[in-house]
Amino acid sequence: MSEAPVVQRPVSAERIHPGGLDLLVVPPRARTGWRVLPARVGAMCAVELQKLRHDRTELYTRAVQPALWLLIFGETFTRIRAIPTGGIPYLDYLAPGIIAQSAMFIAIFYGIMIIWERDAGILTKLLVTPTPRSALITGKAFAAGVKALIQAVVVIVIAALLGVAMTWNPLRLLGVAVAVVLGSAFFSCLSMTIAGIVLTRDRLMGIGQAITMPLFFGSNALYPVAVMPGWLQAISKVNPLSYQVDALRGLLLGTHAHLALDYGVLALAAALGIGSASSLLGRLAR
């Protein structure tokens, strides 16, 4: 007679883990360090962008100002030819500067939002979560960049309707998106840094209005650096907006640009802005 097959008995929980069944289920190890940072940044960015679903009027109203710059200022100075642009129609020369300007105007008042979150008690709740402060600031900064990118698309469409000769190369447009996001990240962090210093919305609004126009007129958005007086050229060289405009102009119009320097300055400025805003976030929440 053949022997009956031997049935293997399941190994009991006590033989594996003498402590009991509760030790059989081991929770996954929590992600720490650099692995958790991208997920937290993405989550904070998504939270910020969810606000656009409830109120899209900000995008519509902010499209009015760049449209007026292109329609009135650009068309007028194209006719009188008062500013040397190297043979490029002034409207074409102006369009990248207006893209950078509209992105800056969206980002520069981002500190008001974080002060509102402090007053509403939202910021305190965010700070007691495991989310690093740098991830919180980075998420907000890149959310500002995405909003500015939507605004840039609106300006590009208006400029195309006005006959501005721009490239439609996908790689160049991707470079435009990177420049817009990096510039907006810096200016939003600058605003949140100022918010961490002044602590109130009224003071921040006054300072924001005081620095936006000098940043804009102290760049190459409206005119070449060569026609500026010496002291204004020095300001333009340390103004991140000048490097953003230079990159946008080179990518969209094909003019000579220093793209490696432009992206390097924008990336460094964004990193320094994130660091300074993160260091002052605790002071803002007190």
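Quick caveat: nothing in here was measured; it's all calculated off a predicted structure.

**Observations regarding the pattern of salt bridges**
Two side chains with opposite charge may pair up if their charged atoms get near one another. Under the criterion given, the structure shown has three salt bridges. In this structure, the salt-bridge partner of Asp119 is Arg118, at a minimum N-O distance of 2.7 Å. The partly exposed category is assigned to Asp119, whose relative accessible area is 45%. With a relative accessible area of 18%, Arg118 lands in the buried category. For Asp119, the salt bridge is made with Arg201, and the minimal N-O distance between the two is 3.3 Å. With Asp119 in helix 6 (residues 110-119) and Arg201 in helix 10 (residues 201-217), this pair connects stretches of sequence that are 82 residues apart. With relative accessibility at 34%, the residue Arg201 sits in the partly exposed group. Sharing partners across several salt bridges, the network here consists of Arg118, Asp119 and Arg201.

**Observations regarding the packing of helix 8 (residues 133-161) against helix 9 (residues 170-198)**
One way to put it is that helix 8 packs onto helix 9 with a least axis distance of 7 Å and a crossing angle of 130 degrees. One element, helix 8, and the other, helix 9, form an angle in the oblique class. With respect to the hand of their crossing, helix 8 and helix 9 are arranged in right-handed fashion. In this structure, helix 8 uses Ile137, Lys140, Ala141, Phe142, Ala144, Gly145, Ala148, Leu149 and Ala152 to contact helix 9, whose residues at the interface are Ala177, Val180, Val181, Ser184, Ala185, Ser188, Cys189 and Met192. When the residues that make up the contact of helix 8 with helix 9 are grouped by side-chain class, the tally is 13 nonpolar, three polar and one charged.

**Regarding the confidence of the model for the protein chain**
The share of residues in the protein chain with pLDDT of 70 or more is 79%, and the mean pLDDT across the chain is 81. Within the protein chain, helix 12 (residues 240-253) carries the highest mean pLDDT (94), whereas helix 1 (residues 13-16) carries the lowest (46). Here residues 11-24 is a poorly scored stretch, pLDDT under 50, and it has six contacts once near neighbours within four places are set aside; other chains count.

**Some thoughts on the packing of aromatic side chains**
Summed over the entire model, instances satisfying the criterion amount to eight aromatic pairs. When the centroid spacing of 5.9 Å and the interplanar angle of 40 degrees are considered together, the rings of Phe77 and Tyr90 count as tilted. One end of the pair, Phe77, is in helix 4 (residues 64-80); the other, Tyr90, is in helix 5 (residues 90-107), with 13 residues separating them in the sequence. Owing to a relative accessible area of 23%, Phe77 belongs among the partly exposed residues under this scheme. Members of the aromatic cluster, joined through ring pairs, are Trp69, Phe73, Phe77, Tyr90, Tyr93, Phe216 and Phe217.

**Quick notes on helix 4**
The end-to-end C-alpha distance of helix 4, which contains 17 residues, comes to 24 Å, matching closely the 24 Å that a straight helix rising 1.5 Å per residue would cover. Gly74 marks the point of greatest bend in helix 4, at about 30 degrees. Within helix 4, burial applies to Pro66, Ala67, Trp69, Leu70 and Gly74. At the exit of helix 4 stands Arg81, carrying a positive phi of roughly 50 degrees.

What counts and what doesn't
- Residues numbered from 1 in each chain as written.
- Predicted model: local features only at pLDDT ≥ 70, side-chain atom pairs only at ≥ 80, totals over all residues.
- Heavy atoms only, no water.
- Salt bridge = Lys/Arg side-chain N within 4 Å of Asp/Glu carboxyl O.
- Buried < 20%, exposed > 50% of the residue type's maximum accessible area, 1.4 Å probe, protein only.
- Helix = DSSP H or I, 4+ residues; strand = E, 2+ residues; numbered from the N terminus.
- Axes fitted to C-alpha atoms, helices over the stretch in contact; angles between N-to-C directions.
- Parallel < 35°, antiparallel > 145°, perpendicular 65-115°, else oblique.
- Left-handed = near helix turned anticlockwise from the far one by under 90°.
- Contact = heavy atoms within 4.5 Å.
- Nonpolar A, V, L, I, M, F, W, Y, C, P; charged D, E, K, R; others polar.
- pLDDT = per-residue confidence, 0-100.
- Phe/Tyr/Trp six-rings, centres within 6.5 Å; stacked < 30°, edge-to-face > 60°.
- Expected span 1.5 Å × (residues − 1).
- Bend = angle between axes of the 7 residues up to and from the residue.

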